[in-house]
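Chain and residue survey
Residues per chain, in single letters:
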Amino acid sequence: MDFQTVAILAALFATVAASLRYRPDVVAFAALMALVLVGVYSLQSALSFLIAPAVVVLFGSMVISGVIAESGLLDLAAGSLAKRTKHMTILAAALYVVAGVASGFVSDVAIVLALSALVAETAKRLKTTPVAYVLPLAFVVALGGRLTMIGNAGNVILLSTYPQTTGEEVGIFQFTEPALYSLLLAVPLFVAIAKYAEKIAPSVPTAAKSVLVRAVVGESLDGAWKKEVETRERVKILTKRRVLRRGDVLLVKVLASDIPARLRSRDLQILPLGEVKSDHMEFLIVTQRSRLVGKSLALEPVYTAFPVAVVGIVAGGPISSLETYVFKPSDELLVAGDEKAIERLAAYYRLERAKSPVKTFRPRLAASGLAGLAVAVALSQFTDTALAFIAGTFVALAGGGRAVERLYQMVSWETLIYVGSFIGIGQAVAQTGVLQPLAQYLNSPTTVFATAILATNTIGLVPSAVVLGPLITNQAALMMYILGTMPILLPFAHPAVYLVYKEAGLPLRDYLKLSALATAAAVATTLAGLELSQLF
């Protein structure tokens, strides 16, 4: 074994090990540059991996999924489901199906961020344990990535490397059928796991944020009983009247996640203070040093001083109206307006901007995002997949507005650097031939399936796809590898799962109890899904 081979293997193992503690993109790029120093690659060749076809496809899928997530389409669909059911198990099953299917096309983290708050708020409203239902949501999203060859970073890499290795093209929906059967079979089992999780995670708090808003009674609620409307609309109406009349302007407490839908509602429509000139909304937190402390909106009408509208208030004390409430530290304002105007408002009044803005449904963005996805998928059937996703990206961005402005935030640049760098490392490993003896074991479907489960749960989706991908030489083995990607057993194996695990504060021992059950359910339903796909 020569010096370069030793250096390549050292770069591989060092990258995998160090990525568990340090930023994976920095570690992988440093390892790639180390290969340049020892003469494995020229600098130009090494940097070319950062724009490899797999990286371009991943970039395109991030932009397209970012546009769809930014449009609020997922939030709207999930909110509509939540409004139509009073049973947590039914809602969880419906949301798990939506999330699982969406994760075949949209960023897993984006889906979890969009739906976890809704699941948590609904669980709290129905007096169940929020984290019990949010964690299986992350499991479903991780498994849903198997639906398409663009569903996760590992699949995208295989979509590029498999044709290079075998000369055979692979379609985006090549293995969708067994993966979809598996997902649908797994959902009831994951709901059962959520019910079990209620018993072992009863003390993990997840607060549902409520906002006080002004709302006007619509024609359909004229003469309706207050209690009846509160139950049906999931609100708390702060008035002594028992019967509502058309045109009444009331103070209403609503869940933050319901505000986008409530702004469009004709039944109990939110009436902001000031003119809404933008669909962008943010929470602004009143700090100790804020100029609003001890003042009300009647004395300090921020919506006239700045081109924003005050949609509502998160109040820490008694309140009779939005205009007369006297602000205290830790109160919050929900404002709508251009991001730059909100930034100026926050700076002037010394308000802290909350990390997560409130999403409203933007039909134009949703249309352009879905059109971009359709163009990318359709063109990939006839032309190079990377070129197809470049075209799809331009179509998705045609919706304009905040999608273009937030392009930089939509893309996980560290992931692209990590994937591109690891592809370079993996190609160097493949050229040494040291792993070639393993290829004979990856011709057995059972071995490939077990190897995929083990590899994706330990070294991760990207390293396992880069290292093992060149050893897979037929589509049957590739299918078993794709179906074996179940990165849910350990919390750090999948970013969406780790996000929920970290936020929930669930002890590792309790997490492993749930993840072991989820992995067993995933294995069983995957095998059943394979059988069904062969029958039909």
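Because the structure is a prediction, the values reported are computed rather than measured.

Rules used throughout
- Residues numbered from 1 in each chain as written.
- Predicted model: local features only at pLDDT ≥ 70, side-chain atom pairs only at ≥ 80, totals over all residues.
- Heavy atoms only, no water.
- Helix = DSSP H or I, 4+ residues; strand = E, 2+ residues; numbered from the N terminus.
- Buried < 20%, exposed > 50% of the residue type's maximum accessible area, 1.4 Å probe, protein only.
- Contact = heavy atoms within 4.5 Å.
- Areas by Shrake-Rupley, 256 points an atom, 1.4 Å probe, with all protein chains shown as cover.
- Lys, Arg positive; Asp, Glu negative; His and termini not counted.
- Charge placed at Lys NZ, Arg CZ, Asp CG, Glu CD.
- Phe/Tyr/Trp six-rings, centres within 6.5 Å; stacked < 30°, edge-to-face > 60°.
- Patch = residues over 30% accessible without salt bridge, like charges linked within 9 Å, V, L, I, M, F, W, Y side chains within 5 Å.
- Salt bridge = Lys/Arg side-chain N within 4 Å of Asp/Glu carboxyl O.
- Pairing = 2+ DSSP bridges.
- Core = buried A, V, L, I, M, F, W, Y, C linked by side-chain atoms within 4.5 Å.
- Polar contact = N/O pair within 3.5 Å; in protein donor to acceptor, adjacent residues only side chain to side chain.
- Axes fitted to C-alpha atoms, helices over the stretch in contact; angles between N-to-C directions.
- Parallel < 35°, antiparallel > 145°, perpendicular 65-115°, else oblique.
- Nonpolar A, V, L, I, M, F, W, Y, C, P; charged D, E, K, R; others polar.
- Expected span 1.5 Å × (residues − 1).

1. Description of the overall build of the protein
When helices and strands are counted, the protein shows 24 helices and eight strands. By its C-alpha atoms, the protein is 80 × 50 × 45 Å across when sized along the principal axes. The 536 residues of the protein split such that 53% are buried. Of all intrachain contacts in the protein linking residues separated by at least 6 positions in sequence, the fraction that spans at least 24 positions is 77%. Per element, the accessible surface of the protein, about 23,300 Å² overall, is 61% carbon and sulfur. Each charge class in the protein was averaged separately, 45 positive and 35 negative side chains, and the resulting centres sit 10 Å apart.

2. Remarks on the packing of aromatic side chains
In this structure the tally under the stated criterion is twelve aromatic pairs. Each ring, one from F59 and one from W413, has its centre 5.9 Å from the other, and the planes form 45°; the classification is tilted. Of the two residues, F59 is situated in helix α4 (residues 53–70) and W413 in helix α19 (residues 413–432); the sequence distance between them amounts to 354 residues. Overall, the relative accessible area of 32% leaves W413 in the partly exposed class. Centre to centre, the rings of F139 and F190 are 6.3 Å apart; their planes meet at 75°, and the pair counts as edge-to-face. Taken as a pair, F139 in helix α8 (residues 130–144) and F190 in helix α10 (residues 176–200) lie far apart in primary sequence, 51 residues in all. For the pair formed by F139 and F190, the shared burial category is buried. Among the aromatic residues, those joined into a ring-pair cluster are F139, F190, Y498, Y501 and Y511.

3. Focus on a nonpolar patch on the surface
There is a patch of nonpolar side chains on the surface, built from L20, F492 and Y498 and spanning about 340 Å² of accessible area. You can see L20 is positioned in the loop between α1 (3–18) and α2 (24–37).

4. Observations regarding the pairing of strand β5 (residues 281–286)
Among the six residues in β5, five count as buried, and that is most of the element. As paired elements, β5 and strand β7 (residues 332–337) share five bridges and run antiparallel to each other. Among the inter-strand pairings, L284 is bridged to a residue of β7, identified as L333. Relative to strand β8 (residues 351–353), β5 is paired through three bridges, and the arrangement is antiparallel. Residue V286 lies in a different strand from β8, and its bridge partner there is L351.

5. A few points about the nonpolar core
In this structure, Y96, F190, I423 and Y481 are the most contacted members of the largest nonpolar core, which totals 127 residues. Beyond its immediate chain neighbours, meaning those up to four positions away, Y481 contacts L158, V448, A452, T456, L461, S464, A465, L468 and I472.

6. Structural notes on the pairing of strand β1 (residues 210–217)
Counting buried positions along β1 gives six out of eight residues, so the element sits mostly inside the fold. Where β1 lies against strand β3 (residues 249–255), seven bridges are found, and the strand directions are antiparallel. Of the residues in β3, the one forming a bridge with R214 is L251. Two elements, β1 and strand β6 (residues 308–314), share two bridges in a ladder whose sense is antiparallel.

7. Comments concerning the environment of L91
Structurally, L91 can be placed in helix α6 (residues 88–102). Taking the relative accessible area as the measure of exposure, L91 reaches 1% and is therefore buried. With 409 residues separating them in the primary sequence, L91 and V500 have C-alpha atoms 19 Å apart. Not counting residues up to four positions away in its chain, the partners in contact with L91 are L81, A82, T85 and T122.

8. Some words on the environment of A428
Topologically, A428 is positioned in helix α19. Taking the C-alpha atoms as reference, A428 lies 6.6 Å from I8; in sequence the two are 420 residues apart. In contact with A428, other than residues within four places in its own chain, are I8, L35, V40 and Y41.

9. Considerations on the pattern of salt bridges
If you walk through the whole model with that rule in mind, you get eight salt bridges. Between E323 and R214 there is a salt bridge, with its nearest N and O atoms 3.6 Å apart. Note that E323 is positioned in the loop between β6 and β7 and R214 in strand β1, a separation of 109 residues in sequence.

10. Quick look at the side chain of T485
With respect to the helices, strands and loops of the structure, T485 is situated in the loop between α22 (475–483) and α23 (495–504). Judged by relative accessible area, which is 3%, T485 ranks as buried. In this structure the side chain of T485 is engaged in a polar contact, spanning 2.5 Å, whose partner is the backbone oxygen of I482.

11. Considerations on the packing of helix α9 (residues 153–166) against α22
Closest axis-to-axis distance for the α9/α22 pair is 12 Å, and the angle between their directions is 170°. Relative to α22, the element α9 lies roughly antiparallel. In this structure, α9 uses N155, L158 and Y162 to contact α22, whose residues at the interface are Q475, L478, Y481 and I482. When its residues are assigned to classes, the contact of α9 with α22 shows five nonpolar, two polar and no charged.

12. A look at unusual backbone geometry
The backbone phi angle of S330 is positive, close to 85°, even though this residue is not glycine. Structurally, S330 can be placed in the loop between β6 and β7. A residue is classified by how much of its surface remains accessible, and S330, at 58% relative accessible area, is exposed. Although it is not a glycine, R350 sits at a positive phi angle of roughly 55°. Exposure remark for R350: the relative accessible area of 34% places this residue in the partly exposed category.

13. Observations regarding α1
Helix length check: α1 (16 residues) gives 22 Å between terminal C-alpha atoms against 22 Å at 1.5 Å per residue, within 8%. All of the buried residues in α1 are T5, A7, I8, L9, A11, L12, T15 and A18. Buried positions along α1 lie against α2, α19 and α21 (461–468).

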